[in-house]
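Residues per chain, in single letters:
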Amino acid sequence: MLDLAKYQSIGAALKDALDQFAGEVCLIESDREREKERITYRDFKVRALALTKALQDTGFKVGYRASIIMTNQSKWLISAYAVLYCGGTLVPLDYKLTPHEQWLLLKHSSADVLFTEYPIWRQLSASPGRSAATALRTILVTEAPPNADLNGAQRWESFRGQGEPVFVPRKRSDIASIVYSSGTGGRPKGCMMTHENYLEQCAPFPALYPLWPGATYLSILPTNHAIDFMLGFFYPFVSGATVVHLRTLRPEYVREAFPKYKVTYVTLVPLVLKNLQKGLQARFDALPKGKRKLFNALVKVNKRVTRAGPRLGLSRFLLKQVHQAFGGELRAIIVGGAFSEPQVLQFFYDLGISVANAYGLTEGCMGITVNDLKPFRADTVGKPLPGIEVRIANPDPDGIGEVAIRSKTVMSGYLNDPELTAETIVDGWLMTGDLGKLDPAGHLQLFGRKKNMIVTEEGKNIYPEDIETVFESLPVKEFSVFAANYIWPQRSMLGEQLVLVIHLEPGQSYTEDLRRDISARNNRLLNYKRIHGVVLWEEDFPRTASLKIKRNDLAERLAKLDRASAILPL
Amino acid sequence: MRTLEQTTKEILDLASKHFNVPAGSLSADDDFFKKLGIDSLQTLEMLSRLENHFGIELPDYEVQGVSDFKTLASRIQSRL
């Protein structure tokens with residue numbers, strides 16, 4: 001890997017990487033069983049500089065922001081490189097958000113430029129909201145059909161400048177990107193990440209999970225997410241490694257990609273890891289009795305020899321067929337974005353496939369702790385990465401308290417929200433809102449959340465305030481959405497769900513019509529944002545002088561109800 | 001060529017068979033996440049089966065945000 005200590009910005013490091021690794025394969029794009037493209041770092045540079053020049057010719061410069069709303073593909077990374085080369089700030093947005101949500105964030109971020117792909121633009125341009133995004137001047141759309149109506153956008157492919165663009169240097173303390181951790185409904189949380197955040201975050205990786213020219217990273221998590229931006233772009237690029245993008249994430253094509261591209265690392269969210277486990281378990285169960293017995297014996301031996309730490313060569317020899325199904329080169333599966341169940345992690349480790357269970361959050365750039373596999377432990381999220389201080393604030397008698405971190409990887413603050421920034425970064429410590437405990441070995445164990453939110457198994461952060469608008473004008477006296485574990489703390493990261501608390505009008509009862517109304521509104525939300533049930537509450541909600549609901553007061557009162565009987569399923 | 005009604009019926013039949021729910025218990029307006037109790041990955045598996053059945057390719061973006069059989073049927077119909 002390049003020596004990142006030498007660099008002031010991620011743009012400068014990427015620029016050098018393109019020259020240093022010019023002849024290496026940089027990106028592979030696959031669409032189902034077809035390989036669409038394979039480009040070297042040299043090819044990447046040629047494409048990126050032509051785009052950069054055209055961007056610079058529009059007047060795009062330091063202080064300008066460019067948003068990317070695309071599925072994982074080479075054009076995402078080429079566009080990002082062009083923005084950083086010009087000294088601009090990236091605003092990566094989730095392509096899975098609704099057009100309404102995307103417009104809200106484009107407006108909030110004051111993006112000047114938008115890079116997107118045609119199917120997304122078709123929906124975005126048909127949705128109201130564009131007039132509010134007043135800063136947006138240039139829209140570049142990829143892969144638009146020849147006669148498509150672009151609604152004021154330009155074709156990404158023909159947006160090319162002549163001549164050499166000028167590289168614009170940045171300082172470590174300058175903002176490299178604004179990454180939204182949530183807040184599509186209520187209060188957008190745009191984390192302002194500095195160049196230093198990324199450079200410092202990346203520095204310890206080679207010692208733990210090395211990458212090199214020829215190593216392959218399978219990029220599945222969306223690149224707008226902090227994890228893939230680092231592991232599927234910056235880290236492999238400054239290491240000269242290859243990133244593989246898949247156009248479809250159907251499980252069968254993801255499975256095929258492992259042996260086809262000899263994947264070295266992949267990051268998965270817990271839901272996908274669990275699915276992979278289910279599939280493997282079904283195949284093991286289907287083995288004839290004799291073979292199954294032999295297989296189980298080999299797993300037992302593998303468990304014994306890897307007790308102190310992974311022994312990749314030995315595991316690949318003992319459980320050859322399993323490892324071959326993963327391409328035979330897989331070094332580790334990184335799991336992040338949400339909490340993983342220990343037994344799922346153990347399942348893979350017992351097969352000799354290391355699972356790097358990690359903990360992090362966007363506000364902290366990406367990773368805070370990771371399992372160093374010395375030895376593997378499924379019950380924790382590992383030890384703090386070098387350079388990151390972790391302490392437990394206000395611990396209870398069991399040592400459990402709020403996880404706080406201090407490090408050069410912590411964001412500089414939330415965009416346009418100094419109040420929220422001051423609540424989140426206190427005396428230089430980032431208050432994560434997660435509850436945890438450090439054990440004597442220095443491993444962090446998580447025990448739930450202090451904050452009113454949930455993280456789905458797909459790694460989506462859902463804040464109740466963001467989904468309440470769908471229940472506006474519901475015919476009840478008042479309502480509020482809560483994370484059930486916030487009301488009834490579980491000391492667990494499992495069983496997270498949202499509930500709608502309603503206070504009925506005097507004399508009103510919870511009728512089938514009302515239930516149906518709630519259910520219909522709930523169905524308008526994306527499936528992972530939906531509430532799980534309804535809680536009936538008979539008193540007025542406590543409110544502030546400005547009539548805002550005092551959510552923590554209300555949660556304390558609701559906690560007196562019995563969780564199991566209080567939540568009425570929809 | 002199939003009509004939209006035929007396409008919808010074939011989708012409902014396939015879904016009921018694949019996820020073991022009684023034939024006839026699904027309707028076009030149903031939310032398949034909820035009705036079938038499936039997650040996003042299982043939905044992707046269902047799409048692969050539908051692609052094989054109809055002999056089409058359905059890019060992931062076409063089904064982004066779709067959660068009811070009716071919309072799914074219209075997306076498939078436009079590619080037949």
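Residues numbered from 1 in each chain as written. Chains lettered and ligands numbered in written order. Predicted model: local features only at pLDDT ≥ 70, side-chain atom pairs only at ≥ 80, totals over all residues.

What follows deals with the overall build of chain B. Scanning chain B from N- to C-terminus turns up four helices and zero strands. Moving toward the C terminus, one meets the helices and strands of chain B in the order α-α-α-α. Against the globule reference of 12 Å for 80 residues, chain B gives a C-alpha radius of gyration of 11 Å, in line with a compact fold. With the C-alpha coordinates of chain B rotated into their principal frame, the extents come out at 30 × 25 × 20 Å. Taking all 80 residues of chain B together, 21% fall into the buried category. For chain B, the share of sequence-separated contacts (at least 6 apart) that also reach a separation of at least 24 residues comes to 57%. (Helix = DSSP H or I, 4+ residues; strand = E, 2+ residues; numbered from the N terminus. Rg over C-alpha atoms; globule rule 2.2 N^0.38 Å. Buried ≥ 20, exposed ≤ 12 C-beta atoms within 10 Å, placed from the backbone. Contact = placed C-beta atoms within 7 Å.)

With that settled, consider the overall build of chain A. If you tally the helices and strands in chain A, you get 20 helices and 28 strands. Its C-alpha atoms give chain A a radius of gyration of 24 Å, near enough to 25 Å, the size a compact globule of 570 residues would have. Long-range pairs, those at least 24 residues apart, make up 68% of the contacts in chain A between residues at least 6 apart in sequence.

Residue and element names in this part refer to chain A. For helix α3 (residues 74-85), which comprises twelve residues, the first-to-last C-alpha distance of 16 Å matches the rise-based estimate of 16 Å (1.5 Å per residue) to within 8%. Judged by how many residues are buried, α3 sits mostly within the fold: twelve of twelve residues are covered. Taken from the residues just after α3, Gly87 is the one with a positive phi, measuring 85°. (Expected span 1.5 Å × (residues − 1).)

All names here are of chain A. Along the polypeptide, Arg530 turns up in the loop between α18 (512-523) and β27 (533-536). For the pair formed by Arg530 and Val499, sequence separation is 31 residues and the distance between their alpha carbons is 8.8 Å. Leaving out residues up to four positions away in the same chain, Arg530 has contacts with Asn522 and Leu525.

So, on to the sheet that holds strand β12 (residues 265-268) of chain A. Working definition: the strands of a sheet are paired by backbone hydrogen bonds and lie parallel or antiparallel to each other. Residues and elements named next belong to chain A. Here nine strands make up an open sheet; going across it, the order is β2-β1-β11-β10-β12-β13-β14-β15-β16 and the pairing mixed. Only two strands of the sheet have a single neighbouring strand rather than two, namely β2 (34-40) and β16 (383-384). Pairing analysis gives two bridges linking strand β14 (residues 354-359) to strand β15 (residues 369-370), with the strands arranged antiparallel. Along β15, the bridge assignment pairs Tyr359 with Thr369. Sheet strands touched by helix α8 (residues 226-239): β10 (216-219), β11 (242-246), β12 and β13 (332-335). Its angle to β10, the strand with the most contacts, is close to 150°. (Pairing = 2+ DSSP bridges. Axes fitted to C-alpha atoms, helices over the stretch in contact; angles between N-to-C directions.)

A word on the nonpolar core. Residue and element names in this part refer to chain A. By size, the foremost hydrophobic cluster in this structure holds 184 residues, and its most contacted members are Met230, Phe234, Ile333 and Val499. Looking at this core element by element, the count peaks at ten residues for α8. Once residues within four sequence positions are removed from consideration, Met230 is found in contact with Tyr198, Gln201, Cys202, Tyr235 and Met366. (Core = buried A, V, L, I, M, F, W, Y, C linked by C-beta atoms within 7 Å.)

Opposite the 14 residues of chain B that make contact, chain A presents 16 residues. With six residues, helix α3 (residues 40-54) of chain B is the largest single contributor of residues to the side of chain B that touches chain A. A per-class count over the side of chain B that touches chain A returns five nonpolar, five polar and four charged. (Nonpolar A, V, L, I, M, F, W, Y, C, P; charged D, E, K, R; others polar.)

A few words on the domain arrangement of chain A. All names here are of chain A. Under the domain assignment used here, chain A contains domain 1 (4-261), domain 2 (269-449) and domain 3 (463-569). Put simply, the middle of domain 1 and the middle of domain 2, counted by C-alpha atoms, are 27 Å apart. Contact residues are listed per partner, giving 28 residues for domain 1 and 30 residues for domain 2. Secondary structure elements with two or more residues in the side of domain 1 that touches domain 2: β8 (175-182), β9 (189-194), α6 (195-202), α8 and α9 (251-261). Looking at the side of domain 1 that touches domain 2, the element that brings in the most residues is β9, giving six residues. Considered class by class, the residues forming the side of domain 1 that touches domain 2 number 18 nonpolar, six polar and four charged. (Domains from an automatic or database assignment.)

Residues and elements named next belong to chain A. In the segment running from Lys374 into Pro375, the intervening peptide bond is cis, with an omega of 0°. The backbone of Arg32 shows a phi angle near 55°, a positive value even though the residue is not glycine. Within the secondary structure, Arg32 sits in the loop between β1 (25-31) and β2. In this structure, Cys365 takes a positive phi of about 80° despite not being glycine.

All names here are of chain A. Reading across the sheet, the four strands line up as β25-β26-β27-β28 and stay open at both edges, with mixed pairing between neighbours. Unpaired on one side and paired on the other, β25 (478-483) and β28 (568-569) mark the two borders of the sheet. With six bridges joining them, β25 and strand β26 (residues 498-503) adopt antiparallel strand pairing. Residue pairing in the sheet places Phe482 in a bridge with Val499 of β26.

Here we come to the confidence of the model for chain B. Residues and elements named next belong to chain B. For chain B, the mean per-residue pLDDT works out to 89, and 100% of the residues sit at or above 70. Mean pLDDT in chain B bottoms out at helix α2 (residues 32-36), which sits at 85, and peaks at helix α1 (residues 4-18), which reaches 93. In the model output, the complex is listed with pTM 0.89 alongside ipTM 0.81. (pLDDT = per-residue confidence, 0-100.)

Residue and element names in this part refer to chain B. Relative to the elements of secondary structure, Leu80 occurs in the segment after α4 (69-77). In sequence terms Leu80 and Phe54 are 26 residues apart; their C-alpha atoms lie 7.5 Å from each other. Residues within four places of Leu80 in sequence aside, it is in contact with Met1, Arg2, Phe54 and Ile56.

Right, let's talk about the packing of helix α1 (residues 10-20) of chain A against α3(A) for a bit. Residue and element names in this part refer to chain A. Where α1 meets α3, the closest approach of the two axes is 9 Å, and the angle between their N-to-C directions is 120°. With respect to each other, α1 and α3 are oriented oblique. For α1 against α3, the interelement crossing comes out left-handed. Within the contact between the two elements, α1 uses Ile10, Gly11, Leu14 and Lys15 and α3 uses Tyr81, Leu84 and Tyr85. A breakdown of the residues in the contact of α1 with α3 according to their chemical character gives five nonpolar, one polar and one charged. (Parallel < 35°, antiparallel > 145°, perpendicular 65-115°, else oblique. Left-handed = near helix turned anticlockwise from the far one by under 90°.)

Turning our eyes to something else, we now look at the packing of α1(A) against α8(A). Residues and elements named next belong to chain A. Look at α1 against α8: their axes get within 8 Å of each other, and the N-to-C directions meet at 45°. Here α1 lies oblique to α8, going by the angle between them. Considering the relative orientation of α1 and α8, their crossing is left-handed. Facing α1, whose interface residues are Ile10, Ala13, Leu14 and Ala17, α8 presents Phe234, Phe237 and Val238. Taken together, the residues of the contact of α1 with α8 sort by class into seven nonpolar, no polar and no charged.

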